[in-house]
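For reference, the chains in residue letters:
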Amino acid sequence: MIPYGRQNISEADIQAVVDVLRSDFLTQGPAVPAFEQAVATYCGVKHAVAVNSATSALHIACLALGVKSGDWVWTSPITFVASANCALYCGAQVDFVDIDPLTYNLSVECLEEKLKLAESLGRLPKVVIPVHLCGQSCDMVGIHALSQRYGFKVIEDASHAIGGKYRNEPIGNCRYSDITVFSFHPVKIITTGEGGMAVTNEARLAKKMQLFRSHGITRNANEMTQAPDGPWYYEQIELGFNYRMTDIQAALGLNQMKRLDNVVTKRNEIAKDYDRALADTEFVIPFQDVDRYSAFHLYVVRLRSDDRGRSRKKIFEALRDSEIGVNVHYIPVYQQPYYKKLGFIKDDYPEAEKYYFEAISLPMYPDLTPDQQRYVCRILKEKLAVISSSN
Ligand SMILES: *Cc1c(COP(=O)(O)O)cnc(C)c1O
């Protein structure tokens, strides 16, 4: 089976991990701060806090921004459930903003409309979490302008997007947001096995996230309620978690950072090849905004149809039968049984509904060979012809 995504591991990556295993520290050693520094420098951002997943990063980002019971957090419905769950962890309520029909990212027009209504109801969100779907940035200038007007904070869920650019600047520089979050799960752009990072330009937020990452414990005398009892002394001043990244993971991530630009270039080349191969078919290829450079975590095509996903399902099954590991990103979060119970209505998200009936993620990873890619495109066209003739 050709998978939809796959990690890229070099001999140097393996050596970097082995070196840590032979060293004094498996966790809380020098590799974690070195990895944080490498990501911060790459993104052009002041602070970076490495954690054990992007899910944890989203959680501590919400906590650092003071999200709590009674607050609202808004995000896109076309995302992984973690983008919404982080708000529920804090006792807040979640709502969704429909997607843009071209980019499939959270729609700034829908956001503005929803904000106007929320203002009149006295239910403005505390935080909005735009998700850079597939690795292409959201319209951050538009979202930032609305955040100024309506007074909400912004967490960019850039789990798909490290190595991407917005207006010629790296995603993660937090020019238009308070915090940006990355994932290093193996299917993502670079990996640490499991892992994530939250980056910010605000020292105050970084400090809080560092506390929440490790039980809420400080060893810094300036933050304590009393003078230390002795050199052993620490204080727990918040209710935090064990969300720490190990040095084993950080060493892998640090070495992967060296190839980040190459890996993203390769992903863009694969995307261009798909674009060319599928240009004259019924598939809608991904729209790329001129001021954005996608990291291309995913390559999503849409099969135009008004048969409520019947054709898409047929193509999907035919591809899987041909050993092509296609996938669907994502089932709208409000359709999940846990969220359905909270009372969301499909009719509120017409674009997300349409997208869900039509989307297919094709195999996309740096080690996908030209032969494999040609095979995927050939089967895709063959199956499409069969389905078109049977309709
Ligand atoms: C993968 C992903 C996450 C969660 O990442 P983990 O590191 O697996 O916790 C969150 N948001 C989006 C959009 C993702 O794709």
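Counting restarts for each chain, with residues numbered from 1 along the sequence as it is written. In keeping with the model being predicted, local features are shown solely for residues with a pLDDT of at least 70 and side-chain atom pairs are shown and tallied solely at 80 or more, while totals for entire chains, interfaces and linings include all residues. As a rule here, side-chain values come from all non-hydrogen atoms in the structure, and water together with hydrogens is ignored.

**Topic: the site of the ligand**
In the vicinity of the ligand lie 15 residues, with T55, D157, H160, S183 and K188 positioned nearest. Pairing of N or O atoms within 3.5 Å defines a polar contact, subject to two protein rules: one partner must be a possible hydrogen donor and the other a possible acceptor, and residues neighboring in sequence count only if both atoms are side-chain atoms. A54 is positioned with one of its backbone polar atoms (N or O) 2.9 Å from an oxygen atom of the ligand. Note on areas: these come from Shrake-Rupley sampling with a 1.4 Å probe, and a residue is covered only by the protein chains present in the view. For the ligand, whose free accessible area comes to 390 Å², the fraction covered by protein is 93%. If you list the elements that add at least two residues to the shell around the ligand, you get α3 (54-64) and α4 (82-89). Classification convention: Asp, Glu, Lys, Arg as charged; Ala, Val, Leu, Ile, Met, Phe, Trp, Tyr, Cys, Pro as nonpolar; all other residues, Gly among them, as polar. Taken together, the residues that form the shell around the ligand break down as five nonpolar, eight polar and two charged. One heavy atom within 4 Å of a molecule or strand makes the whole residue count as near it. Here a strand is any run of E in DSSP of at least two residues, a helix any run of H or I of at least four, and the numbering for each starts at the N terminus.

**Considering the UniProt feature "modified residue: N6-(pyridoxal phosphate)lysine" (unreviewed entry) in the protein chain**
When the UniProt feature table is mapped to this numbering, "modified residue: N6-(pyridoxal phosphate)lysine" (unreviewed entry) covers K188. Looking at the element boundaries, K188 is found in the loop between β8 (179-183) and β9 (196-200). Beyond its immediate sequence surroundings of up to four residues, K188 is in contact with S159, H160, S183, R267 and H297. Polar contacts involving the side chain of K188 include one to the side chain of S183, which spans 3.4 Å. UniProt positions are given in the numbering used here, feature names are shortened, and annotations may be inferred rather than shown by experiment. Here, residues are in contact when the closest pair of their heavy atoms is within 4.5 Å.

**With respect to the sheet that holds strand β12 (residues 283-284)**
Any two strands with at least two DSSP-identified bridges between them are counted as paired. Spatial strand order, β12-β14-β15: three strands in an open sheet with antiparallel pairing. Two strands close off the open sheet at either side, each with one partner strand: β12 and β15 (359-362). In this structure, strand β14 (residues 299-303) lies alongside β15, joined through four bridges in antiparallel fashion. Residue V300 lies in a different strand from β15, and its bridge partner there is S361. Each axis is a line fitted through C-alpha atoms, taken for helices only over the stretch in contact, and angles between the N-to-C directions span 0 to 180 degrees. Contacts between helix α10 (residues 310-321) and the sheet are confined to β12, β14 and β15, with β15 contributing the most and set at about 20° to the helix.

**Here we look at the environment of S388**
Residue position: S388 is located in helix α13 (residues 370-390). Residue classification places S388 among the partly exposed residues on the basis of a relative accessible area of 34%. In sequence terms S388 and D261 are 127 residues apart; their C-alpha atoms lie 40 Å from each other. One polar contact links the side chain of S388 to the main-chain carbonyl oxygen of L384, over a distance of 2.8 Å. Buried means the residue's accessible area, taken with a 1.4 Å probe over protein chains only, is under 20% of the maximum for its type, while exposed means over 50%, and partly exposed covers the values in between.

**Structural notes on the pairing of strand β5 (residues 153-157)**
Along β5, four of the five residues are buried, which leaves the element largely enclosed by surrounding structure. Two elements, strand β4 (residues 127-129) and β5, share two bridges in a ladder whose sense is parallel. Paired with V128 across the two strands is V154, which belongs to β5. With strands facing away from the observer, any crossover in which the path from the first strand over the helix to the second runs clockwise is taken as right-handed. Between the parallel pair β4 and β5, the chain is carried across by helix α6 (residues 140-150), and the sense of this crossover is right-handed. Strand direction decides the pairing type here: β5 and β8, joined by three bridges, are parallel. When the bridges of β8 are listed, E156 appears paired with T180.

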